[in-house]
Amino acid sequence: MVEKQHKVSFTSALRVWHLTKNTRSMPWKEISDPYRIWLSEIILQQTRVEQGLSYYHNFISNFPTVKDLADAADERVFKLWEGLGYYSRCRNLMATARYISNELDGQFPSDHQGLLALKGVGPYTAAAIGSFAFNLPLAVLDGNVFRVLARCFGIDTAIDSSKGKTAFRELAEQLLDKDNPALHNQSMMDLGAVVCSPRKPDCPNCPLQGICQANAQEKWDMYPVKQQKIQVKQRFLYYLLLDYKGERLVRERTGKDIWQHLFEFILKETDEPVAPEELMRMDFWDMPASYGGKGLAQLTDEVRHILTHQRIHSRLLLVKVDKKIQVEGYTWKKPDELNQLAFPRLISRFLEIL
Ligand code: SF4
């Protein structure tokens, strides 16, 4: 339990900083429209603000209301999401927009349980929407807030342990300014983002420096503590892009793997890296040498693509063909049709370098 005096010092220092020094501006701040707040929070899950901003503006200009988003075709929404990654967020976005538009008459739930029941909305997002849109007394707990609390209170319990999660949640709730949860939550998140940053905290300009234990011990780099190392899987994905006068052979990804519902070219996945000479051989792709390739093959350098739990090593072989051969599961698409399809960022990177 935090001492009352400590809580008052913490909360008031934070509020004064927010009102006098916090200049971090974002288009979804200081608004109470739950649709815009929800949209921004879903876009910002696992995405940096700088990257998410243009996506937010694009979504708002294409879909000004939750009904506009609910009524849009899947392909159009996927296309706008292209490059942002973590496509399960996009699928949840569509499901929730349709649920709110069709089942809740376009009205977002205004209570904690109702928000938590939305697909893709966990405790953090529910607290953000609840406090920013409906002024509910819910404390947000994201990576920025964990870091500020761990450092300020010198907590060495791992933030990814169940004990740590409970302790940090209780602490965040105790510190919450229940008269103004929106302002309090925004200040916590902004302080973590612009002052108490992961590698270079600006302690001399921090409103909490007088009560911060990490600052007193000069040990800010010790906090927060994590127990788990993420297991990273190495994957080797090789693509064959057949091009017939601008038309290309593609398929939609299905199944439970990454990039569900996005499009890709002919894929071979291997357990080990494959040498460039091997990739240039047509039998590697299960294609006879006489399949119509004009010998204008172009192989890219290896591109590495990083996902949270996967490191992908990939190359793409482009071959211009003089007839449209059929490959099971793949279809030919004309250039204007290709422009409508959403591809994983890895494939877009290949198309940029070809
Ligand atoms: S004093 Fe430094 S370490 Fe402590 S909360 Fe502020 S920026 Fe973070």
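Being a predicted model, the structure only gives us computed values, none of them experimental.

**Here's the deal with the overall build of the protein**
1) Next: The helix and strand tally for the protein stands at 15 helices and eight strands.
2) Next: Overall, the protein is about 80 × 50 × 35 Å in size when its C-alpha atoms are taken along their principal axes.
3) Next: Across the 354 residues of the protein, 32% fall into the buried class.

**With respect to helix α9 (residues 143–152)**
1) Next: With nine of ten residues buried, α9 lies mostly within the body of the structure.
2) Next: Listed as buried for α9 are Asn144, Val145, Phe146, Arg147, Val148, Leu149, Ala150, Arg151 and Cys152.
3) Next: On its buried face, α9 sits against α10 (162–175), α11 (181–194) and α12 (213–217).

**Focus on the site of the ligand**
1) Next: Around the ligand there are 15 residues in total, and Cys196, Pro201, Cys203, Cys206 and Cys212 lie nearest to it.
2) Next: Only α9 and α12 provide two or more residues apiece to the shell around the ligand.
3) Next: Broken down by element, the shell around the ligand gets its largest block of residues, three residues, from α9.
4) Next: Across the shell around the ligand, the residue classes break down as eleven nonpolar, two polar and two charged.

**Some thoughts on the nonpolar core**
1) Next: Of all hydrophobic cores here, the largest spans 83 residues; its most connected members are Ile129, Val140, Val145, Leu149, Ala172, Tyr239 and Leu240.
2) Next: Ranked by residue count, the leading element in this core is helix α2 (residues 34–44), at seven residues.
3) Next: Taken together, domain 1 (4–222) and domain 2 (233–353) each give at least three residues to this core, which thus spans both.
4) Next: Setting aside its immediate chain neighbours within four residues, Val145 contacts Val140, Ala172, Met188, Met189 and Gly192.

**Thoughts on the environment of Ile312**
1) Next: Position of Ile312 among the secondary structure elements: in strand β7 (residues 310–320).
2) Next: Separated by 76 residues in the primary sequence, Ile312 and Phe236 have C-alpha atoms spaced 5.9 Å apart.
3) Next: Setting aside its immediate chain neighbours within four residues, Ile312 contacts Arg235, Leu237, Arg304, His305, Leu307 and Leu346.

**A word on helix α3 (residues 49–62)**
Quick reminder: α-helices carry 3.6 residues per turn. Residues three or four places apart thus point the same way.
1) Next: Helix length check: α3, at 14 residues, gives a terminal C-alpha distance of 20 Å against a target of 20 Å (1.5 Å per residue), a fit within 8%.
2) Next: All of the buried residues in α3 are Gly52, Tyr56 and Phe59. Along the axis of α3, the buried residues cluster in a sector spanning 70°; they form a single face. Summarising the geometry of α3, the exposed residues directed more than 90 degrees from the buried face are Glu50, Ser54, His57 and Ser61.
3) Next: Check the buried side of α3 and you find it contacts α2 and α5 (74–81).

**A closer look at the domain arrangement of the protein**
1) Next: Domain annotation of the protein identifies domain 1 (4–222) and domain 2 (233–353).
2) Next: Using only C-alpha atoms to locate each centre, domain 1 and domain 2 end up separated by 38 Å.
3) Next: The interface of domain 1 with domain 2 comprises eight residues on the first partner and nine residues on the second.
4) Next: Tallied by class, the residues present in the side of domain 1 that touches domain 2 amount to three nonpolar, two polar and three charged.

Conventions adopted
- Per-chain numbering applies: the sequence of each chain, read as written, is numbered from 1 onward.
- Note on the predicted model: pLDDT of at least 70 is required for a residue's local features to be given, and 80 or more for side-chain atom pairs to be given and counted; whole-chain, interface and lining totals, by contrast, use all residues.
- Helix and strand definitions follow DSSP, with helices as H or I runs of at least four residues and strands as E runs of at least two, each counted in order from the N terminus.
- Partly exposed residues are those falling between the two cut-offs: more than 12 but fewer than 20 other C-beta atoms within 10 Å of their own, whereas 20 or more means buried and 12 or fewer means exposed, with C-beta atoms placed from the backbone.
- Two residues qualify as a contact pair if the distance between their C-beta atoms, derived from the backbone, is within 7 Å.
- We call a residue near a molecule or strand when its C-beta atom, built from the backbone, sits within 6 Å of it.
- For this classification, the nonpolar set comprises Ala, Val, Leu, Ile, Met, Phe, Trp, Tyr, Cys and Pro, the charged set comprises Asp, Glu, Lys and Arg, and every other residue, Gly included, is treated as polar.
- Nonpolar core, as used here: buried Ala, Val, Leu, Ile, Met, Phe, Trp, Tyr and Cys residues forming one set through C-beta atoms within 7 Å.
- These domain limits were set by an automatic method or by a database of domain assignments.
- The span you would expect from a helix comes to 1.5 Å times its residue count less one.
- An arc is given here, and it is the one of the directions from the helix axis to the C-beta atoms.

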